[in-house]
Amino acid sequence: LNSKFEMAKVEADVPPKGGFSFDLCRRNDMLSKKGVKPPSYLKTGTTIVGLIFQDGVILGADTRATEGPIVADKNCEKIHYMAPNIYCCGAGTAADTEAVTDTISSQLKLHRYHTGRESRVVTALTLLKSHLFRYQGHVSAALVLGGVDGTGPHLHTIYPHGSTDTLPFATMGSGSLAAMAVFESKYHEGLSGQKEYLRNHLLPNPRTYVSSKGYSFTKKTEVLLTKITPLKELVDVIEGGDAMEE
Amino acid sequence: MDLNAPHSMGTTIIGVTYDGGVVLGADSRTSTGMYVANRASDKITQLTDNVYICRSGSAADSQIVSDYVRYFLHQHTIQLGQPATVKVAANLVRLLSYNNKNMLQTGIIVGGWDKYEGGKIYGIPLGGTIIEQPFAIGGSGSSYLYGFFDQAWKEGMSKDEAEQLVVKAVSLAIARDGASGGVVRTVIINSDGVTRNFYPGDKLPLWHEELEPQNSLLDILSAASPEPMNI
């Protein structure tokens, strides 16, 4: 049964070198059986939203990145730059969203040089969805992609397995249900710019709990320095000095 | 609730031939586990001017398959010098589905019109069989429609009869299947071209004494509570 029909092979191409390498899976399995816990991912348990309004697209995101129950980053940037006219919010594993948006952003730039034109949102969409589909959901990035190009404003959601939806308003992340509830009740076509949707963004996560006992070190701690010296005073900073040479 | 569950279109999709063309119909619900990720999705995708497909199963897999087939059909049309036939489109879908059966999870109904065979419907379920049928149903909601079609389907319907049948069937499935919902979309393909129709929730017939559509649940809540039932 060696000779198949002469027609062009209609199978999906084998991905180029790269793709998910399963080489370490056996080792990981063996280690976890021995009781070694895998390092936890920095997950952005997140709320990201996007909405199309009269003049374009608005993207919004919270700024908390968590590692299990701990807040690892209080003010992280979840709205990633893709092109001057396209931005992408990312939820899921922080490393995955960073990596995938960076990769596609640089591919878009090369494409801009190649074509001599402004990038289109559907280009970014296709690049992202092909990448995520190739990794079969193991790249845990759920994205809200929005931008304005020559064909108008666009808003898309992209799921880790590579499926996409095109919507007038979208939410993703663990907070998506709450955000969607707000959108579903208040969204209507032709929302004007400012007033309708800006919420409190100037006061991220104010520290609300102040312990009455104050904070003190345990008794045995040796306190070496009670004054913090800014490092600038210890070093001579030459403004505009010679550029570094190889 | 697992929001990272693969996006699936627990769906109802239907394709029906009539005298002169085909009618394709689908619901619009895309779910991630128990959450409806997109309540207004479009599951009827265009491959060429005269061939459309209904997608069901994994959203990612069906989108990728339709993108590949659209690309192959485009090349084929250029090489052939005339519009591709529905049979070719369906076979391209079938080859991808069959050769990648271990990795794909998508059921597809291909429907269209060409000048050689007229309106044709091909069903390509999981696994990659291809079967030419006068009508095809697919998706999770189709389980509720087998009996309905056995009784209601007839040869040689007119365009309007066929479309009404499709809309009625999808709305019946929506009423019974939790994974189907939203609006009903239909696409009619014949020698004159393609017509897309849209039936929002309030235009669909009610089957089980459902509540009349309301603007707000508050209207119902403020009504006096009913008397307790006496057994």
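As recorded by an unreviewed UniProt entry, chain B carries the name Proteasome subunit beta and is attributed to Escallonia herrerae. Word for word, the UniProt comment on chain B under Subunit (unreviewed entry) is "Component of the proteasome complex." According to the UniProt record, the Catalytic activity (unreviewed entry) comment for chain B is "Cleavage of peptide bonds with very broad specificity."

If you check an unreviewed UniProt entry, chain A appears there as Proteasome subunit beta from Escallonia herrerae. Under Catalytic activity (unreviewed entry), UniProt gives the following word-for-word description of chain A: "Cleavage of peptide bonds with very broad specificity." Of chain A, the UniProt comment under Subunit (unreviewed entry) reads exactly: "Component of the proteasome complex."

Colleague: Before we go on, may I ask you to explain the overall build of chain A in this structure?
Modeller: Across its full length, chain A holds four helices and 11 strands. Counting across all 246 residues of chain A, residues that qualify as buried make up 33%. Considering only contacts within chain A whose residues lie at least 6 apart along the sequence, 56% involve residues at least 24 apart. When the accessible surface of chain A is summed, it comes to about 17900 Å², and 57% of that surface belongs to carbon and sulfur atoms.

Colleague: Explain the sheet that holds strand E3 (residues 21–26) of chain B to me, please; I cannot follow it from the model alone.
Modeller: Strand pairing within a sheet occurs via backbone hydrogen bonds; the two strands may be parallel or antiparallel. Residues and elements named next belong to chain B. If you walk across this open sheet you meet the five strands as E11-E2-E3-E12-E13, and the pairing is antiparallel. Each of the sheet's edge strands pairs with one partner strand only, and the pair in question is strand E11 (135–138) and strand E13 (193–199). Pairwise comparison of adjacent strand axes, ignoring direction, gives a mean angle of 15° for this sheet. Here strand E2 (residues 13–18) runs beside E3; their pairing, made up of six bridges, is antiparallel. Within E3, the residue paired with Thr 17 across the bridge is Val 22. Strands E2, E3, strand E12 (184–190) and E13 of the sheet are contacted by helix H4 (residues 159–176), whose axis makes an angle of about 155° with E12.

Colleague: Just checking my understanding: could you explain the sheet that holds strand E3 (residues 57–61) of chain A for this structure?
Modeller: Residues and elements named next belong to chain A. Pairing is antiparallel across the open sheet formed by three strands, whose spatial order is E3-E2-E11. Edge positions in the sheet fall to E3 and strand E11 (169–172), since each of these pairs with one other strand and no more. Here the strands of the sheet are splayed against their neighbours by 10° on average, with no regard to which way each runs. In this sheet, E11 lies alongside strand E2 (residues 48–52) in antiparallel orientation, the contact comprising four bridges. Bridged to Leu 51 within E11 is Phe 169.

Colleague: Quick question: what am I supposed to make of the nonpolar core here?
Modeller: Grouped burial of nonpolar side chains is what soluble globular proteins tend to show. Residues and elements named next belong to chain B. Counting residues in hydrophobic clusters, the biggest one holds 23 residues, and the most contacted among them are Ile 14, Val 16, Leu 145, Phe 149, Trp 153 and Val 184. For this core, the secondary structure elements donating two or more residues are E2, E11, helix H3 (146–152), H4 and E12. Counting residues per element, this core draws most heavily on H4, which supplies eight residues. Setting aside chain neighbours within four positions, we find Val 184 in contact with Ala 26, Val 167, Val 170, Ile 174, Asn 197, Phe 198, Tyr 199 and Leu 204.

Colleague: Looking at this structure, how should I read the pattern of salt bridges?
Modeller: A side chain with one charge may pair with a side chain of the opposite charge, provided their charged atoms come close. Summed over all chains, the structure comprises 10 salt bridges over all chains. A:Asp62 serves as the salt-bridge partner of A:Lys78, at 2.9 Å between the closest nitrogen and oxygen. In this pair, A:Lys78 is assigned in the loop between strand E5 (70–73) and strand E6 (79–83) and A:Asp62 in the loop between E3 and strand E4 (65–67), connecting sequence segments 16 residues apart. The partner of A:Lys129 in a salt bridge is B:Asp67, and the shortest N-O contact between them spans 3.6 Å. Separated into two different chains, A:Lys129 in helix H3 (residues 121–134) and B:Asp67 in helix H1 (residues 59–80) make up a pair that spans both. Residue classification places A:Lys129 among the buried residues on the basis of a relative accessible area of 9%. Assessed through its relative accessible area of 30%, B:Asp67 is described here as partly exposed.

Colleague: Whenever I open this one, helix H2 (residues 94–115) of chain A confuses me. Can you help?
Modeller: Since the α-helix turns once every 3.6 residues, residues separated by three or four places project in the same direction. With 22 residues, H2(A) should reach 32 Å at 1.5 Å per residue; the first-to-last C-alpha distance of 31 Å fits that figure. The first or second residue beyond H2(A) is A:Gly116, which carries a positive phi of 75°.

Colleague: Would you mind showing me how to read the side chain of B:Ser58 here?
Modeller: Residues and elements named next belong to chain B. Assignment of secondary structure puts Ser 58 in strand E7 (residues 51–58). Looking at Ser 58, the relative accessible area reads 12%, which means it is buried. A polar atom in the side chain of Ser 58 sits 3.2 Å from the backbone nitrogen of Asp 61.

Colleague: Explain H4(B) here, please?
Modeller: All names here are of chain B. In this model H4 runs 26 Å from its N-terminal to its C-terminal C-alpha over 18 residues, within 8% of the 26 Å that 1.5 Å per residue would give. When H4 is considered as a whole, its buried residues turn out to be Ala 162, Glu 163, Leu 165, Val 166, Val 167, Ala 169, Val 170, Ser 171, Ala 173 and Ile 174. Looking at the buried positions of H4, the neighbouring elements they touch are E2, E3, H3, E12 and E13.

Colleague: Where do I start with the UniProt feature "active site" (unreviewed entry) in chain A in this structure?
Modeller: Residues and elements named next belong to chain A. Under the present numbering, the feature "active site" (unreviewed entry) in UniProt falls on Thr 46. Tracing the sequence through the fold places Thr 46 in the loop between strand E1 (43–44) and E2. Thr 46 sits in the buried class, given a relative accessible area of 2%. In contact with Thr 46, not counting residues within four places along its chain, are Asp 62, Lys 78, Gly 90, Ala 91, Met 172, Gly 173, Ser 174 and Gly 175. Only 3.1 Å separates the side chain of Thr 46 from the side chain of Lys 78, close enough to count as a polar contact.

Colleague: Hey, could you run me through the packing of aromatic side chains in this one?
Modeller: For any pair of aromatic rings, the description consists of the separation of the ring centres together with the inter-plane angle of the planes. Residues and elements named next belong to chain A. Under the defined criterion, the tally for this structure stands at eight aromatic pairs over all chains. Between Phe 169 and Tyr 187 the ring centres are 4.6 Å apart and the planes differ by 45°, which places this aromatic pair in the tilted class. Residue Phe 169 is located in strand E11, and its partner Tyr 187 is located in the segment after helix H4 (176–186); the two are separated by 18 residues in the primary sequence. No difference in accessibility class separates Phe 169 from Tyr 187, as the two residues are buried.

Colleague: How should the environment of B:Gly57 be read in this particular structure?
Modeller: Residue position: B:Gly57 is located in strand E7. Separated by 82 residues in sequence, B:Gly57 and B:Gly139 have C-alpha atoms that sit 6.9 Å apart.

Criteria and thresholds
Residues numbered from 1 in each chain as written. Chains lettered and ligands numbered in written order. Predicted model: local features only at pLDDT ≥ 70, side-chain atom pairs only at ≥ 80, totals over all residues. Heavy atoms only, no water. UniProt positions renumbered as here; feature names shortened; annotations may be inferred. Helix = DSSP H or I, 4+ residues; strand = E, 2+ residues; numbered from the N terminus. Buried < 20%, exposed > 50% of the residue type's maximum accessible area, 1.4 Å probe, protein only. Contact = heavy atoms within 4.5 Å. Areas by Shrake-Rupley, 256 points an atom, 1.4 Å probe, with all protein chains shown as cover. Pairing = 2+ DSSP bridges. Axes fitted to C-alpha atoms, helices over the stretch in contact; angles between N-to-C directions. Core = buried A, V, L, I, M, F, W, Y, C linked by side-chain atoms within 4.5 Å. Salt bridge = Lys/Arg side-chain N within 4 Å of Asp/Glu carboxyl O. Expected span 1.5 Å × (residues − 1). Polar contact = N/O pair within 3.5 Å; in protein donor to acceptor, adjacent residues only side chain to side chain. Phe/Tyr/Trp six-rings, centres within 6.5 Å; stacked < 30°, edge-to-face > 60°.

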